[in-house]
Amino acid sequence: MKKYRTFAVIGLGRFGFQVAKTLLEIGQNVIAIDKDETILEAISKFGADVYIMNSINKDALTECGVKDADVVVIGIGKDIEASILAALNAIELGVKRVICKANSDDHAKILEKIGAEIIFPEIDIATRVAYSVSNALTEDILPLSDDFSIVQMKVPYIFDSKTVSEINLRKKYNLNLIAIVHDGKATGNITPNTMLYSKDSMYICGTNKSITAFQDHLK
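Here the residue numbering is sequential within each chain, running from 1 through the sequence in written order. Totals for whole chains, interfaces and linings use every residue, but because this is a predicted model, local features are given only for residues with pLDDT of at least 70 and side-chain atom pairs only at 80 or more, for both listing and counting. Remark: hydrogens and water are excluded; side-chain values derive from all non-hydrogen atoms of the structure.

1. Quick look at the packing of helix α1 (residues 14-25) against helix α2 (residues 37-44)
Two packed helices can be described by the angle between their axes and the distance between those axes. Put simply, the rule reads: With axes taken as lines fitted to C-alpha atoms, and helix axes fitted only over the stretch in contact, angles between N-to-C directions fall between 0 and 180 degrees. Numbering goes from the N terminus for both helices and strands, where a helix is a DSSP run of H or I of at least four residues and a strand is a run of E of at least two. Any angle between 65 and 115 degrees counts as roughly perpendicular, while under 35 counts as roughly parallel, over 145 as roughly antiparallel, and the rest as oblique. When the near helix sits turned anticlockwise from the far one by under a right angle, the crossing is termed left-handed; a clockwise turn instead gives a right-handed crossing. Residues count as neighbours in contact if any of their non-hydrogen atoms are within 4.5 Å of one another. The residue classification treats Ala, Val, Leu, Ile, Met, Phe, Trp, Tyr, Cys and Pro as nonpolar and Asp, Glu, Lys and Arg as charged. All others, Gly included, are polar.
Contact geometry for α1 and α2: axes closest at 10 Å, N-to-C directions at 20°. Judged on the interaxial angle alone, α2 and α1 are roughly parallel. Crossing of α1 over α2 shows right-handed handedness. Counted together, Phe17, Ala20, Lys21 and Leu24 of α1 and Ile39, Ala42 and Ile43 of α2 form the full contact between these two elements. Of the residues contributing to the contact of α1 with α2, the split by class is 6 nonpolar, no polar and 1 charged.

2. Notes on the sheet that holds strand β2 (residues 29-34)
Using the following cut-off: Whether two strands pair depends on DSSP finding at least two bridges between them.
Pairing is parallel across the open sheet formed by 6 strands, whose spatial order is β3-β2-β1-β4-β5-β6. Each edge of the open sheet carries a strand with a single partner, namely β3 (49-52) and β6 (117-119). With strand direction ignored, the average angle separating the axes of adjacent strands in the sheet is 20°. For strand β5 (residues 97-101) and β6, the ladder comprises 3 bridges, and the chain directions are parallel. From the neighbouring strand, Ile99 faces β6, where its bridge partner is Glu117. Helix-sheet contacts for helix α4 (residues 80-92) involve β1 (6-10), β4 (71-74) and β5, and the interaxial angle to β5 is about 175°.

3. Quick word on the pattern of salt bridges
Inclusion rule: Any Lys or Arg side-chain nitrogen located within 4 Å of an Asp or Glu carboxyl oxygen qualifies as a salt bridge. Here's how the labels work: a residue is buried when its accessible area is under 20% of the maximum for its type, exposed when over 50%, partly exposed in between, all with a 1.4 Å probe on protein chains only.
Counted according to the given criterion, the structure contains 4 salt bridges. In this structure, Arg97 engages Glu117 in a salt bridge whose closest nitrogen and oxygen atoms are separated by 2.8 Å. Of this pair, Arg97 sits in strand β5 while Glu117 sits in strand β6, and the two are 20 residues apart along the sequence. Note on Glu117: relative accessible area 35%, which makes it partly exposed. Here Lys199 and Asp183 are joined by a salt bridge, their closest N and O atoms 3.9 Å apart. Of this pair, Lys199 sits in the loop between β12 (195-196) and β13 (201-207) while Asp183 sits in the loop between β10 (176-182) and β11 (185-187); the two residues are 16 residues apart in sequence, bridging distant segments of the chain. You'll find Lys199 and Asp183 in the same group, each marked exposed.

4. A word on the sheet that holds β11
Sheets are built from strands paired through backbone hydrogen bonds, the pairs being either parallel or antiparallel. Reading across the sheet, the 5 strands line up as β7-β8-β13-β10-β11 and stay open at both edges, with antiparallel pairing between neighbours. The strands lining the two open edges of the sheet, one partner per strand, are β7 (138-143) and β11. Taking each pair of neighbouring strands and ignoring which way they run, the sheet shows an average axis angle of 20°. Of the strand pairs in this sheet, β10 and β13 are connected by 5 bridges, and their pairing is antiparallel. Opposite Val181, over in β13, you have Ser201 as the bridge partner. Contacting β7, β8 (148-154) and β13, helix α9 (residues 208-218) crosses the sheet at an angle of about 130° to β13.

5. Some points on the side chain of Ser149
For clarity, the cut-off: Two N or O atoms count as a polar contact when they lie within 3.5 Å, although within protein this holds only if one can serve as hydrogen donor and the other as acceptor, and sequence-adjacent residues are included solely when both atoms are side-chain atoms.
With respect to the element layout, Ser149 can be found in strand β8. Overall, the relative accessible area of 1% leaves Ser149 in the buried class. There is a polar contact of 2.7 Å between the side chain of Ser149 and the side chain of Asn208. The residues touching Ser149, leaving out its near neighbours within four places in the chain, are Ile141, Leu142, Pro143, Leu144, Ile204, Cys205, Gly206, Asn208 and Ile211.

Shape descriptors only; they carry no functional weight alone.
Structural data, given as structure tokens:
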């Protein structure tokens, strides 16, 4: 599988700036595009290649190197027309993966029709916070669809010193155990004899209904 190496981030508001900064911190190449010179100067300090752009058109995007990017992330906020235009032009330039921040359901529908991936940052964060505070053991959640998620949680005390076979998550709760973090080290090499400890964390996946039922059982 090809490793993504070059990312173009168009629109450096709070969301876009953080995406670009994080990508740079983990060693990726970033093309940062915005109309605000001050913001571009700030992200350039982290190593981004920066371009001032007031008009989003194919020629301008090509000149910035967007055509050769592995992924384009569009973080344009209130200007929905500019957001859609940036996504459309990136897709027509042949970029295989275009991820776009959506501000409304209608905005998202249009982006999906032209082939962009959609994220709702505020909604995604709100969902994760709600799940994490709803149960003392839940540490984080990654929604994969409207009804299926991966949850990171502390191993319940009732599972302490029991094997995977003994807790039997799949049969009892219709959930799959996909990873365990023990002494700060994660492993997905899980067997029926793998032991669980209450000081560890575990990653489970399943439908949201099954996850909620499991969490309720632990209360």
